[in-house]
Protein chains: 2
Amino acid sequence: MDDLINKLREVLGDDGVLSSGEISSRACSYWDSSPLRARVLLRPRSTAEVSAVLAICHGQGAHVITHGGLTGCVNGVEVSSDQVILSLERMNAVEDIDPIGRTATVQAGAILQTVQEEVAGHGLAFPLDLGARGSCTIGGNVSTNAGGINVIRHGMMRDLVLGVEAVLADGTVISAMNQMLKNNAGYDLKQLFIGSEGTLGVVTRVVLRLRRASTSLDTALVALPDFAAVCHLLSQAQSELGDNLCAYEVMWGDYYRAVTAPGWHRPPLDRIHPFYVILESRGVDVERDSERFLALLQRELESGSVVDAVLPKSEAERTSLWNVREDFEAITIHQPTFLYDVSLPIRHMQEYIERVQTAVSQSWPEGCCQVLGHIADGNLHLFITPNAAGSQLHVDVDSCVYSPLSDYGGSVSAEHGIGREKKGWLEHSRSAAEVQLMKTLKRALDPANMLNPGVVFDL
Amino acid sequence: MDDLINKLREVLGDDGVLSSGEISSRACSYWDSSPLRARVLLRPRSTAEVSAVLAICHGQGAHVITHGGLTGCVNGVEVSSDQVILSLERMNAVEDIDPIGRTATVQAGAILQTVQEEVAGHGLAFPLDLGARGSCTIGGNVSTNAGGINVIRHGMMRDLVLGVEAVLADGTVISAMNQMLKNNAGYDLKQLFIGSEGTLGVVTRVVLRLRRASTSLDTALVALPDFAAVCHLLSQAQSELGDNLCAYEVMWGDYYRAVTAPGWHRPPLDRIHPFYVILESRGVDVERDSERFLALLQRELESGSVVDAVLPKSEAERTSLWNVREDFEAITIHQPTFLYDVSLPIRHMQEYIERVQTAVSQSWPEGCCQVLGHIADGNLHLFITPNAAGSQLHVDVDSCVYSPLSDYGGSVSAEHGIGREKKGWLEHSRSAAEVQLMKTLKRALDPANMLNPGVVFDL
Ligand SMILES: Cc1cc2nc3c(=O)[nH]c(=O)nc-3n(C[C@H](O)[C@H](O)[C@H](O)COP(=O)(O)OP(=O)(O)OC[C@H]3O[C@@H](n4cnc5c(N)ncnc54)[C@H](O)[C@@H]3O)c2cc1C
Ligand SMILES: Cc1cc2nc3c(=O)[nH]c(=O)nc-3n(C[C@H](O)[C@H](O)[C@H](O)COP(=O)(O)OP(=O)(O)OC[C@H]3O[C@@H](n4cnc5c(N)ncnc54)[C@H](O)[C@@H]3O)c2cc1C
């Protein structure tokens, strides 16, 4: 047993320190079911323990990889066998809910869905929402600045966080657990830890901003004839529903057909249409909100910009509509399938997708390209299944997706981050001076390059 | 003529470099009308010129103080006679408005009100709004993370900025002019320049996030019997008007009486009430929005939680209601008057104000304490006029206001920032480790301590 591990056991106790043998029954991540390997996995119970173990690792020059719910899409949690895993799995408490100040104070390992449910019990809502809600953690959501299906109304994780506590590489605790909407007393340090993918500190606790629960909820799945109709409906919904519009999730026809193929989801609407959209509205005026929602759909159906629509009659029916959007196993079961998450101005989307589809079908005649998008946020997800093999495959597919982006001022990552997977493409979206400044920050906060080394960029 | 000034003239031309003699007819700031003094004042026209002059100043070890509209409340723009002023006054263009992407690209010296008016011409709105709108600049708003009267709905400047271009102390241009709602490709560098009061870089250009213009507008000034009624009305307005509620500005009775004293504003309501509130709602459903607004007021008048109300019948009448809230010259004409900007949870506000008022009247029997607040944001502004003299006066008044704050987890600055004026109180709201990390950032980005030295903290 090495000296490092002895010291760590002194702080965390035996069940706080799992050996490589003990973790080999765990999977690497949501996306990779091969057995987890690492030098050791640490399970601290408190910020003080996180601070103590980081100070020890710092003293010994060990590299530490932080693990949340392991649902991240860019390989940020990959570990090599000489590295230490710091898992937040035992720091999952919802510590406090303040219904008057509308805040929740949670440990970073708390599961998103647990938080959503606990605050709902107080008549409040935490509006971040995404398909991985049952596994992803608040710390992971902070570190990746997660987006999801309600960004159109409530913004990204950055907009929903009031305070953050984080531990720096050397064990220093930065407790910026602000509870107020406004605090301009000095630099807003929490911003450093939001979206920096665990490279600048380990997030241990978070103050979340809650909303009043809405009283009205209206959902529809609609089918549309073309992309112009998709944009037209979005624009109408925004001007007529205003801020009530909380989700506008677009599925390209091929995506819809793949996930509703026989043996997968039952198709709620015919499988023949070019586009499908789930739109959802929440507000505080039950009667009038539904009226406005229905009037909008009615009019758009009559004018032909919407060609078919289904409204769920129960919460169960609503869930099955959302499952079509959120559960894409019918696609990812075909391996390799590469997932992309780009952003670009909405007016270029249709042209961009056509260029990618053409490039894919030229390079891989058997390949598929399935697209869905939070289009109001300028965000598209592409699943590309080349149905081919080759050592250069991933790089070649990346190139089909990312190369055209610069013509539209797009970004190689809207919400998933850079991780290890996209770092070769970082300079495609950011200037050399920007990347240099990122490295300046990393060196200032983690000079030993100890936390998540190789994530976002190599030093 | 010194060597530095010769070099600067080579870059900016003669009219870009004003000597100390040429600037002495200017006032120091909105708050201080004494003649401006400095080594030299620079008026660059472009980011490239800003970069060139900073590189020159860097090479010569000159300290540079950045000037926007000079309306900041914490003495961030104070200059000593050996320092260089960099003024953004000639970089005031609105470069581009994109009605589809809903963005405006502006130079940092653009005046807030100009931007509001130009985007309104495209049926859009830029929702930051504050009393200094006619003089303050977008760069100043970014650097101070300005708040104002619409934060309850639209957030602070940080929430309204998509991209920032800034020049570092050595002249390096960081162009993070992102136009998209979502971009997680690497660290979000713009956050460094928002709210850091010009200590980390000079902001040169900004991409602003615009909103659709609303179609309904309802405003009222109401009088209330006590603070409980103020909180009750806020809560009712939030649940019944939802996100339409865009302003809820509270004036304590003494404030209202001071600004409506004979010779100042005509009082729109009797001057006898304990509290006054301006509430405003904006939405997209003209007919129904006004109905809901009036129904709320009607019901609260009947129940007695609102005791009197006035609704403006024209835009001119609306402006005079707002003038009561925004023009406080009747108070600041008595010098010295000290302005404070604290935040604390709303449930402690009443008690906090009583403690401050008691402390003030005990120390200065002739003193006045006038209060107004963006209370939904947890933000109070206090004007304290001791009607007394003494060298320790400012420090003693500060102490009355800031000392009780720590009992409520409050902040010494909600929106104005720290500047030079509050730096002695920074550690009252932030831990030593936090302040240390702020200094680490400052040293990483501006090792020579060249930009706004002595603002926020001393190195
Ligand atoms: C089905 C599915 C749907 C998804 N939909 C969306 C979506 O709509 N929008 C979206 O944005 N994302 C989406 N994701 C991606 C993912 O869920 C998010 O990135 C999520 O925020 C990751 O949280 P996690 O706890 O699983 O983090 P992990 O995967 O464990 O970690 C992600 C990164 O953050 C770091 N990290 C984790 N916890 C901490 C911590 N406490 N301190 C410091 N660093 C930490 C890790 O080292 C890693 O680099 C989806 C994923 C899946 C599987
Ligand atoms: C009547 C009145 C009402 C006000 N109401 C509010 C309110 O409701 N909410 C609120 O938040 N504030 C309010 N303020 C304060 C003030 O208007 C804001 O702080 C505003 O954002 C300052 O903008 P400015 O251009 O005047 O900045 P300045 O006063 O010129 O500068 C402020 C600070 O920012 C720095 N700075 C300025 N421009 C740049 C730049 N381009 N790059 C880097 N640093 C820069 C300066 O060095 C200084 O430290 C009010 C002020 C007045 C006079």
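Residues numbered from 1 in each chain as written. Chains lettered and ligands numbered in written order. Predicted model: local features only at pLDDT ≥ 70, side-chain atom pairs only at ≥ 80, totals over all residues. Heavy atoms only, no water.

(A) Representation of the site of ligand 1 within the structure. Residues and elements named next belong to chain A. Around ligand 1 there are 35 residues in total, and T66, G69, T71, T137 and E415 lie nearest to it. Take T66: an N or O atom from its main chain is 2.7 Å from an oxygen atom of ligand 1. Burial of ligand 1 by the protein amounts to 96% of the accessible area it has alone, namely 970 Å². Those elements that place two or more of their residues in the shell around ligand 1 are α5 (138–144) and β10 (202–209). Per-element tally for the shell around ligand 1: the top contributor is α5, with five residues. Here the shell around ligand 1 is composed, by residue class, of 14 nonpolar, 19 polar and two charged. (Near = heavy atom within 4 Å. Polar contact = N/O pair within 3.5 Å; in protein donor to acceptor, adjacent residues only side chain to side chain. Areas by Shrake-Rupley, 256 points an atom, 1.4 Å probe, with all protein chains shown as cover. Helix = DSSP H or I, 4+ residues; strand = E, 2+ residues; numbered from the N terminus. Nonpolar A, V, L, I, M, F, W, Y, C, P; charged D, E, K, R; others polar.)

(B) The state of the cysteines, seen in detail. Residues and elements named next belong to chain A. Applying the stated criterion across every chain yields a total of zero disulfides over all chains. Here C231 stays free of any disulfide, with the sulfur of C369 as its closest cysteine sulfur at 18 Å. Here C246 is not cross-linked by a disulfide; its sulfur's nearest cysteine counterpart is in C136, at 18 Å. Using a relative accessible area of 1% as the deciding quantity, one classes C246 as buried. (Disulfide = S-S within 2.5 Å. Buried < 20%, exposed > 50% of the residue type's maximum accessible area, 1.4 Å probe, protein only.)

(C) The arrangement of the side chain of H374 of chain A in detail. With respect to the element layout, H374 of chain A can be found in strand β17 (residues 368–374). The class of H374 of chain A is buried, set by a relative accessible area of 3%. Looking at H374 of chain A, its side chain comes within polar contact range of the side chain of H381 of chain A, at 3.2 Å. Each residue touching H374 of chain A, except ones within four places of it in the same chain, is listed here: G148, I149, Y248, E249, R325, N379, H381 and E415 of chain A together with K182 of chain B. (Contact = heavy atoms within 4.5 Å.)

(D) The relation of the copies chain B and chain A, seen in detail. Superposing chain B onto chain A requires a rotation of 180° together with a translation of 0.0 Å along the rotation axis, leaving an RMSD of 0.0 Å. Both copies of the chain, as the preceding transformation shows, are related through a two-fold rotation axis. (Least-squares fit on C-alpha atoms with pLDDT ≥ 70 in both.)

(E) Representation of the site of ligand 2 in the model. Residue and element names in this part refer to chain B. Contacts to ligand 2 come from 35 residues, most closely from T66, G69, T71, T137 and E415. T71 places a side-chain nitrogen or oxygen 2.7 Å from an oxygen atom of ligand 2. At 3.4 Å from an oxygen atom of ligand 2 is found a main-chain nitrogen or oxygen belonging to G140. Out of a free accessible area of 970 Å², ligand 2 has 96% covered by protein chains. At the level of elements, α5 (138–144) and β10 (202–209) are the ones that each hand at least two residues to the shell around ligand 2. At five residues, the largest contribution of residues to the shell around ligand 2 is made by α5.

(F) Just the sheet that holds strand β13 (residues 245–252) of chain B, in detail. All names here are of chain B. The seven strands are arranged β15-β12-β14-β13-β17-β18-β16 in an open sheet whose pairing can be described as antiparallel. Only two strands of the sheet have a single neighbouring strand rather than two, namely β15 (308–310) and β16 (338–343). Going across the sheet, the axis of each strand differs from the next one's by a mean of 20°, ignoring polarity. Two strands pair when backbone bridges link them, and strand β12 (residues 216–224) and β15 are joined in this way by three bridges, in the antiparallel orientation. Following the sheet pairing, V222 is matched in β15 by A309. Where helix α11 (residues 286–303) meets the sheet, its contacts fall on β12, β14 (275–283) and β15, and the angle it forms with β12 comes to roughly 10°. Docked against the sheet, helix α15 (residues 393–402) engages β16 and β18 (379–385), running at close to 25° with respect to β16. (Pairing = 2+ DSSP bridges. Axes fitted to C-alpha atoms, helices over the stretch in contact; angles between N-to-C directions.)

(G) Quick look at the UniProt feature "domain: FAD-binding PCMH-type" (unreviewed entry) in chain A. Feature annotation in UniProt places "domain: FAD-binding PCMH-type" (unreviewed entry) on residues 33–213 of chain A, given in this structure's numbering. Secondary structure across residues 33–213 of chain A comprises 23% helix and 24% strand; the distance between its end C-alpha atoms is 37 Å. (UniProt positions renumbered as here; feature names shortened; annotations may be inferred.)

(H) Structural detail: the domain arrangement of chain A. All names here are of chain A. The domains assigned to chain A are domain 1 (2–87), domain 2 (94–212), domain 3 (216–329) and domain 4 (334–433). Contact with domain 2, which involves seven residues of that partner, is made by 13 residues of domain 3. Carbon and sulfur atoms make up 51% of the area that domain 2 and domain 3 hide from each other, which totals about 710 Å². Contact with domain 3 buries surface across domain 2, with I149, I152 and R153 losing the most and accounting together for 77% of the total. Linking domain 2 with domain 3 are one salt bridge, by the criterion used here. One salt bridge connects R133 with E326, and the closest N-O pair in it is separated by 2.7 Å. Inspection of the region where domain 2 meets domain 3 yields four residue pairs in polar contact (both at pLDDT 80 or more). Classifying every residue of the side of domain 2 that touches domain 3 gives three nonpolar, two polar and two charged. (Domains from an automatic or database assignment. Buried area = accessible area lost by both parts, 1.4 Å probe. Salt bridge = Lys/Arg side-chain N within 4 Å of Asp/Glu carboxyl O.)

(I) Expanded view of the packing of helix α17 (residues 432–445) of chain A against helix α17 (residues 432–445) of chain B. Where α17 of chain A meets α17 of chain B, the closest approach of the two axes is 10 Å, and the angle between their N-to-C directions is 135°. As summarised for this structure, α17 of chain A and α17 of chain B are arranged oblique, according to the angle between their axes. Our pair here, α17 of chain A against α17 of chain B, has a crossing hand that is right-handed. Residues L437, T440, L441, A444 and L445 of chain A of α17 of chain A lie in contact with α17 of chain B, whose contacting residues are L437, T440, L441, A444 and L445 of chain B. Here the contact of α17 of chain A with α17 of chain B is composed, by residue class, of eight nonpolar, two polar and no charged. (Parallel < 35°, antiparallel > 145°, perpendicular 65-115°, else oblique. Left-handed = near helix turned anticlockwise from the far one by under 90°.)

(J) Geometry of the pairing of strand β6 (residues 103–107) of chain B. All names here are of chain B. By the criterion of burial, β6 is predominantly enclosed, with five of the five residues buried. Side chains of β6 alternate between two faces, with T103, T105 and Q107 and A104 and V106 buried alike. The sheet contact formed by strand β5 (residues 94–98) and β6 spans four bridges and is antiparallel. Across the sheet, the residue bridging to V94 is V106, located in β6. Counting the residues that bridge the hairpin from β5 to β6 gives four residues, and of these R102 lies at a positive phi of roughly 55°. Strand direction decides the pairing type here: β6 and β10, joined by five bridges, are antiparallel. Residue pairing in the sheet places Q107 in a bridge with R205 of β10.

(K) Spatial organisation of helix α12 (residues 315–326) of chain A. The terminal C-alpha atoms of α12 of chain A, which comprises 12 residues, lie 16 Å apart, in line with the 16 Å expected from a rise of 1.5 Å per residue. Within α12 of chain A, burial applies to R318, L321, W322, V324, R325 and E326 of chain A. (Expected span 1.5 Å × (residues − 1).)

(L) Representation of the packing of aromatic side chains in the model. Enumeration according to the criterion identifies 22 aromatic pairs over all chains in this entry. Between Y187 of chain A and F457 of chain B, the aromatic rings sit 5.7 Å apart at their centres with planes inclined by 65°, giving edge-to-face as the arrangement. Here the residue Y187 of chain A occupies a position in the loop between β9 (173–176) and α8 (190–193), and F457 of chain B occupies one in the segment after α17, the pair thus bridging two chains. The two residues Y187 of chain A and F457 of chain B agree in class, both being buried. Judged by centre distance (6.2 Å) and plane angle (85°), the rings of Y352 of chain B and Y408 of chain B are edge-to-face. Residue Y352 of chain B is located in helix α14 (residues 349–363), and its partner Y408 of chain B is located in the loop between α15 and α16 (426–429); the two are separated by 56 residues in the primary sequence. Given a relative accessible area of 0%, Y352 of chain B falls into the buried group. By way of ring pairs, the aromatic residues F227, W252 and F275 of chain A are connected into one cluster. (Phe/Tyr/Trp six-rings, centres within 6.5 Å; stacked < 30°, edge-to-face > 60°.)

(M) Up close: unusual backbone geometry. Residues and elements named next belong to chain A. Between Q335 and P336 the backbone carries a cis peptide bond, its omega angle lying at -5°. Tracing the backbone shows P336 in the loop between α13 (329–332) and β16 (338–343). Positioned with a positive phi, N75 is a non-glycine residue whose angle comes to about 65°. Here N75 is to be found in the loop between β3 (64–67) and β4 (84–87). Its relative accessible area of 30% is what places N75 among the partly exposed residues. In this structure, N387 takes a positive phi of about 50° despite not being glycine. Within the element layout of this structure, N387 appears in the loop between β18 (379–385) and α15 (393–402). Classification of N387 as partly exposed rests on a relative accessible area of 43%.

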